[in-house]
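A closer look at the structure
The chain contents come next:
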Amino acid sequence: MDPSSALLWVLVGPALVAVAVAALGRWPNLREGATLVGASSVFAGVAGVLLPSVWAGGRPRLDLVEFLPGLTLALELEPLGMVFALVASGLWIITSVYAAGYLRGKNESHQTRFFVCFALAIFGALGVAFAGNMITLFVFYEAITLSTFPLVTHAGTEAAKRAGRVYLGVLMGTSIAFLLLAVAWTQHLAGTTEFTVGGILNGRVDSQLLPWLLALYALGTAKAALMPFHRWLPAAMVAPTPVSALLHAVAVVKAGVFTITKVVIYIFGLDLLQTTGASTWLQALAAFTLISAAIVALSQDNLKRRLAYSTISQLAYIVLGASLVTTSSLVGAGLHIVTHAFGKITLFFCAGAIYVGAHKSRISEMHGLGVKMPWTFAAFFVASLSIIGIPPLGGAWSKWFLASGAAEAERLPLLALYMVSSLLAIGYLMPVVGKAFFLPPDDNEHDDEHPIHEPWMCVLPPVLTAAGCVALFFFMDPIAGLLGSIWTPPGGAP
Amino acid sequence: MSSPLGELIRENLPALQVILPMIMAPVCVLVRHRTVAWFLAVAVTWTTFAISLALLQIVRAHGLISYAMGGWEAPWGIELRIEPVNAFVLLIVSGISAVVLSAARRSFEEEIPRDRLYLLYAAFLLCETGLLGMAGAGDAFNVFVFLEISSLATYAMIAMGPHRRALTSAFRYLVMGTVGGTFILFGIGLLYMVTGTLNIEDLHHRLQAIDADRTVLVALVCVLIGTSIKLALLPLGAWLPNAYTFAPSAVTAFLAATATKVAFYVMARFVYRIFGADLAFERFHIDSVLMPLALIAMFLGAALAIFERDVKRLLAYSSLSQIGYMVLGLSLASVTGLTGGIVHLFNHALMKSGLFLVMACAAYRIGSTRLSALRGLGKRMPITAATFVAGGLAMIGVPLTAGFVSKWYLVKGALENDLWPVALLVLLSSLLAVIYVWKVVEVFYFQEPPEEAGRQEAPWSMLLPTMFLIGASLYFGIFTDGTVGIAEWSARELLGGAP
């Protein structure tokens, strides 16, 4: 198939899945089958048709509709979006297996609505990945928010409703007040919002105003969970775990950092930010978020909340990489989107498996569980090492690129910061594994009444993604090469 | 059409537009049968809609239609003058009349004593006459005359509301509306005193020629106050929430989309076409008053909506806020800003009348529009509730809905004038819209319906027009060539001064 039209088909794939799931709601097995088949076809389209084209230096493009003069809904795929699309669609397959196991294991209500919204959220994420200009990205960005809202409030309890309000309030509030203003301002200054290598703002904007415009973009993209707009992420942890796993560790938050990275590369351009230093303040904010979220994570007893703060900290790595504006740091940011996705989704899968299998959500209750759930905790251990950044796991590479980016930008204190934060990551992740394997189980619990029950659909996925963390260490080169081709496309004009 | 009759009709379209409903209103009274009257009224409104479509085509081709009533040439005779702007307004008024009236029969029969329905249809047609006349009139005095026709019909329609408080609401509106009308009449009188003419084009030329003094300023102020009352710009719009809340449901849907919109058009036409942008903005700086008022209306209206427990009244407060957007566009005095104001006139008419029709559907089945009565509407009336969500998204201004288009132009207009705080305020106020829309959505979907309530959807005769209006407000968010094109053309014409 011609890559440009494939772009559209792959994009509408998840939307079609949503329709099919809604239609098949009465037959759960068929319904999950539809999700699985759909997810696999979408991934096949991304990996089989789009990847070869982008790999060869192609930039498939499709203009859909010009809905206002100068504002076109357009799709264009470049390496960074390619990587994001691969991660989101690939992990969607694994997550749909896991979600089926999780929801059935817990006898959740409204399962059809869950899978419909889930597919729509993936639709939004792919739209963000494929967006050819800022206004298109904004449209899909909002689509993600709206489609994930029913997932966050899935439980329907008072706590879920309250969390839903925070979620919608922060994400929509910042995006309408700041991000949309930034888009309108960009359109006003540059006459376009098309993503262009080297940026579109050079020479069009007073350098005094640049930091402000960047601030509107960075703070408007609350999905990146930069402080002070990070509160929605811990709040969203009331959602069922598959949502936390794929959406709040991969699709939603990565859409956020992806947006910031994309804005830095394609709206501002590296040269402009390097020469004016307009992103220096963002480095400071990201560094602050990175450390303080890690410290907060140390004190969380609820496993999912701890993971959420860890995510905030890890997302700040990506924003920091983007704000350093060197090619290495940006490649590092792109790679970290991948490695953190695999690591964090594994951790959430494990958290959910523990919840379904042993009905435990607090770390202090997990003593001695490691022996009873060896596969789950082994996967947790491997993924933790990847998040911390220890070879031979994927996370080591992204941190390597980020660190060398900091060195290139001559920000040596940041190297120390990376060290400290890795130590903090050890501090908030390793005790979970340690307590599970080495502390004796609490005997006062009536454990025999609740025998450990692990559905295979909840055990296999984390093992697979943990294996993915290992594999990433050995196959990082092609991904880094792909990201590098943003600036030097193979065989094509830049 | 080449036959003599066809030619005759074609030449007299501007007059037919106004006269048809005017003639049919007394016929409705004579018929006295509610279904026949309804049928006649629907036929007339659809005919006026067809006429306004035809007029728009002619204006697109020729740019202007000047029609001399009875063959008396302007500036002495009565002129109907169809330009891009009011062709657009005529289209909205007649289109909304047609759709709303088609949907209204079941709702009216539920809410109003059946033996008085024919009077309501007559009043409806008279109101449409007045509104179409206001939009089409080429001289200032007839704007006032038609304004009074439409206002009197409106008071009668509101007073027919099912609740007793409809009477006090109608009376309050009557007082305010009369004060507003009087201010406009004062303004017109002063203008006549200064220039000796009433024809709008003539007024414009003569005002440019003379040195504008205090009399002209007073005339401008009178017109602004009068139109502000009629279009419900806060703080002069306090009559609106009660009038909208207690009027029959379908009447509210009609008024919300037409009465305030035509009043806005009158304000724009007086400011730009009689006084001219130079006089109004460069000399008298009306933007220094209008813009703050518009911003206050945007926020105050939305804030009041957030704390409201009756959805109909919530939507009425939201109208106050949305009217602020339109006036803001007018006060920016640039092509982009004015385009935003005019396109919002169109878009808001679609979505607000759609949302009020949703409430008419809910009131038809449930008998109340209070939030507490609408619990679990997502389960009880799934289509109705989903339509509300779609309309609500358009109201917030989510991209690819009509609401986004208007807001984009307002933000762009503000940025072009280097008023970035205004741009930020426009966006912040749409956050308030998120809150009041979502408050309703939560009640629809997160609260369980009362025990005894079953699933009972509104009749299709009401649902289809409702879905049509909301669907249109989504359609015009994606395919904007038509609306934005006409709005921008109108804005240029209004700003361009002499035609």
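Residues numbered from 1 in each chain as written. Chains lettered and ligands numbered in written order. Predicted model: local features only at pLDDT ≥ 70, side-chain atom pairs only at ≥ 80, totals over all residues. Heavy atoms only, no water.

1. Thoughts on the overall build of chain A
Stated precisely, the cut-off is as follows: What counts as a helix is a DSSP run of H or I of at least four residues, what counts as a strand is a run of E of at least two, and both are numbered from the N terminus. Within these notes, the globule rule equals 2.2 Å times the number of residues to the 0.38 power, and the radius of gyration is based on C-alpha atoms. The cut-offs for exposure are 20% and 50% of the maximum accessible area for each residue type, with area from a 1.4 Å probe on protein chains only; residues under the lower value are buried, those over the upper are exposed, and the others partly exposed. We call two residues in contact whenever any of their non-hydrogen atoms come within 4.5 Å of each other. Throughout, the Shrake-Rupley method with a 1.4 Å probe supplies accessible areas, and for residues the shown protein chains are the sole cover considered.
A tally of regular secondary structure across chain A gives 19 helices and 2 strands. Radius of gyration (C-alpha) of chain A: 21 Å, near the 23 Å computed for a compact globule of 494 residues. Projected onto the principal axes, the alpha-carbon positions of chain A cover approximately 70 × 55 × 45 Å. When the 494 residues of chain A are sorted by exposure, 62% land in the buried category. Put simply, 81% of the contacts in chain A that link residues at least 6 apart link residues at least 24 apart. Per element, the accessible surface of chain A, about 16,500 Å² overall, is 66% carbon and sulfur.

2. A word on the overall build of chain B
Assigned secondary structure in chain B consists of 20 helices and 2 strands. For 499 residues, the compact-globule estimate of 2.2 N^0.38 gives 23 Å, and chain B sits close to it at 21 Å. Projected onto its principal axes, the C-alpha positions of chain B cover 70 × 55 × 45 Å. Burial status across chain B gives 64% buried among its 499 residues. Of the roughly 17,300 Å² of accessible surface on chain B, 65% is carried by carbon and sulfur atoms.

3. Remarks on helix α20 (residues 481-495) of chain B
Residues and elements named next belong to chain B. What counts is decided by this rule: Expected span of a helix: the number of residues minus one, times 1.5 Å. Read the arc as the range of directions from the helix axis to the C-beta atoms.
Taking 1.5 Å of rise per residue, 15 residues should cover 21 Å, and α20 covers 21 Å from first to last C-alpha, within 8% of that figure. Within the span of α20, buried status applies to Thr-483, Val-484, Ile-486, Ala-487, Ser-490, Ala-491 and Leu-494. Viewed along the axis of α20, the buried residues span an arc of 165°, placing them on a single side of the element.

4. Quick notes on the packing of aromatic side chains
The way to describe two aromatic rings as a pair is by their centre distance and the angle between their planes. Applied cut-off: When the centres of two rings from Phe, Tyr and Trp lie within 6.5 Å, Trp using its six-membered ring, the rings pair. Their planes under 30 degrees apart give stacked, over 60 give edge-to-face, and anything left gives tilted. Criterion for a charge above a ring: Lys NZ or Arg CZ within 6 Å of the ring centre, and within 35 degrees of the ring normal.
As enumerated under the stated definition, the model contains 32 aromatic pairs over all chains in all. Centre to centre, the rings of Phe-114 of chain A and Phe-118 of chain A are 5.5 Å apart; their planes meet at 35°, and the pair counts as tilted. With Phe-114 of chain A and Phe-118 of chain A both in helix α4 (residues 111-130), this residue pair falls 4 residues apart, about one helical turn. We note that Phe-114 of chain A, like Phe-118 of chain A, is buried. Between Trp-46 of chain B and Phe-49 of chain B, the aromatic rings sit 5.9 Å apart at their centres with planes inclined by 80°, giving edge-to-face as the arrangement. Here the residue Trp-46 of chain B and the residue Phe-49 of chain B both occupy positions in helix α3 (residues 34-62), the gap between them amounting to 3 residues, near one helical turn. Taken together through their ring pairs, the aromatic side chains of Phe-88, Phe-346, Tyr-475, Phe-476 and Phe-479 of chain B make up a single cluster. The cationic tip of Lys-223 of chain A hangs over the ring face of Tyr-141 of chain A; the distance from NZ or CZ to the ring centre is 3.4 Å. Here the guanidinium or amino end of Arg-105 of chain B rests over the ring plane of Trp-38 of chain B, the centre of that ring lying 5.2 Å away.

5. Observations concerning the environment of Thr-369 of chain B
All names here are of chain B. Quick reminder of the rule: Polar contact criterion, stated in full: a pair of N or O atoms within 3.5 Å, where within protein one must be able to donate a hydrogen and the other to accept it, and residues adjacent in sequence count only if both atoms are side-chain atoms.
Positionally, Thr-369 belongs in the loop between α14 (335-366) and α15 (377-380). For the pair Thr-369 and Thr-182, spaced 187 residues apart in sequence, the C-alpha to C-alpha distance is 35 Å. In contact with Thr-369, other than residues within four places in its own chain, are Asp-310, Val-311, Lys-312, Met-359, Ala-363 and Leu-374. A polar contact is formed between the side chain of Thr-369 and the side chain of Asp-310, at a distance of 3.0 Å.

6. Some remarks on the interface of chain B and chain A
Filter applied, for reference: The quantity reported as buried area is the accessible area (1.4 Å probe) lost by two parts once they are put together, taken as the sum for both. Any Lys or Arg side-chain nitrogen located within 4 Å of an Asp or Glu carboxyl oxygen qualifies as a salt bridge. In the scheme used here, Gly and all other residues not listed as nonpolar or charged are polar, with Ala, Val, Leu, Ile, Met, Phe, Trp, Tyr, Cys and Pro taken as nonpolar and Asp, Glu, Lys and Arg as charged.
With 27 residues of chain B at the contact, the number on the chain A side is 28 residues. Taken together, the two surfaces of chain B and chain A that pack against each other cover about 2,500 Å², and 82% of this comes from carbon and sulfur. A salt bridge links Arg-165 of chain A to Glu-442 of chain B; the nearest nitrogen and oxygen atoms lie 3.0 Å apart. Run the count over chain B and chain A and you get 2 residue pairs in polar contact (both at pLDDT 80 or more). For the side of chain B that touches chain A, the elements supplying multiple residues, two or more each, are α16 (382-396), α17 (402-416), α18 (420-446) and α19 (460-478) of chain B. Split into classes, the residues belonging to the side of chain B that touches chain A amount to 22 nonpolar, 3 polar and 2 charged.

7. Describing the packing of helix α12 (residues 303-324) of chain A against helix α16 (residues 394-408) of chain A
What describes two packed helices is the angle between their axes and the distance between those same axes. All names here are of chain A. As a reminder of what qualifies: Axis definition: a line fit to C-alpha positions, over the contact stretch in the case of helices; interaxial angles, taken between N-to-C directions, run 0 to 180 degrees. Roughly parallel means an angle under 35 degrees; roughly antiparallel, over 145; roughly perpendicular, 65 to 115; everything else is oblique. Two helices that cross are described as forming a left-handed crossing if the nearer one is turned anticlockwise from the farther one by less than a right angle, and a right-handed crossing if clockwise.
At their nearest, the axes of α12 and α16 sit 10 Å apart, and the two run at 40° to each other. Here α12 lies oblique to α16, going by the angle between them. Along this stretch, α12 crosses α16, giving a crossing that reads as left-handed. Here Gln-314, Tyr-317, Gly-321 and Leu-324 of α12 lie close against α16, whose contacting residues are Lys-399, Leu-402, Gly-405 and Ala-406. A class-by-class count of the residues in the contact of α12 with α16 yields 4 nonpolar, 3 polar and 1 charged.

8. Considering the pattern of salt bridges
Side-chain pairs of opposite charge can arise where the charged atoms are in close proximity. For the structure shown, the criterion picks out 19 salt bridges over all chains. The network of salt bridges with shared partners includes Glu-79, Arg-81, Glu-83, Glu-201, Arg-269 and Arg-273 of chain B.

9. Overview of the domain arrangement of chain A
All names here are of chain A. Which entries qualify depends on this criterion: Source of the domain bounds: an automatic or database domain assignment.
The assigned domain composition of chain A is domain 1 (1-170 + 227-260) and domain 2 (279-443 + 451-488). Measuring from the centre of the C-alpha atoms in domain 1 to the corresponding centre in domain 2 gives 22 Å. Here domain 1 and domain 2 share an interface that buries about 3,500 Å² over both sides, 84% of which is from carbon and sulfur atoms. The interface formed by domain 1 and domain 2 includes 0 salt bridges. The tally of links between domain 1 and domain 2 comes to 8 residue pairs in polar contact (both at pLDDT 80 or more). Contributing elements (two or more residues each) for the side of domain 1 that touches domain 2: α2 (28-55), α3 (79-106), α8 (232-235) and α9 (241-268). The leading source of residues in the side of domain 1 that touches domain 2 is α3, at 15 residues. Of the residues in the side of domain 1 that touches domain 2, the class split is 28 nonpolar, 7 polar and 4 charged.

10. A look at unusual backbone geometry
Met-227 of chain A connects to Pro-228 of chain A through a cis peptide bond whose omega is 10°. By the secondary structure assignment, Pro-228 of chain A is in the loop between α7 (210-220) and α8. Leu-234 of chain B connects to Pro-235 of chain B through a cis peptide bond whose omega is 5°. Relative to the helices and strands, Pro-235 of chain B is located in the loop between α9 (214-231) and α10 (240-246). Located in the positive-phi region is His-285 of chain B, a residue other than glycine, with phi close to 50°. Here His-285 of chain B shows up in the loop between α11 (249-283) and α12 (287-306).

11. Topic: the side chain of Arg-313 of chain B
All names here are of chain B. With respect to the helices, strands and loops of the structure, Arg-313 is situated in helix α13 (residues 311-332). Among the polar contacts listed, one links the side chain of Arg-313 to the side chain of Asn-242, at a separation of 3.1 Å. When sequence neighbours within four positions are dropped, the list of residues in contact with Arg-313 reads Arg-165, Pro-241, Asn-242, Thr-245, Phe-246 and Glu-308.

12. A look at the environment of Ala-238 of chain B
Considering the arrangement of structural elements, one finds Ala-238 of chain B in the loop between α9 and α10. Separated by 142 residues in sequence, Ala-238 of chain B and Ile-96 of chain B have C-alpha atoms that sit 24 Å apart.

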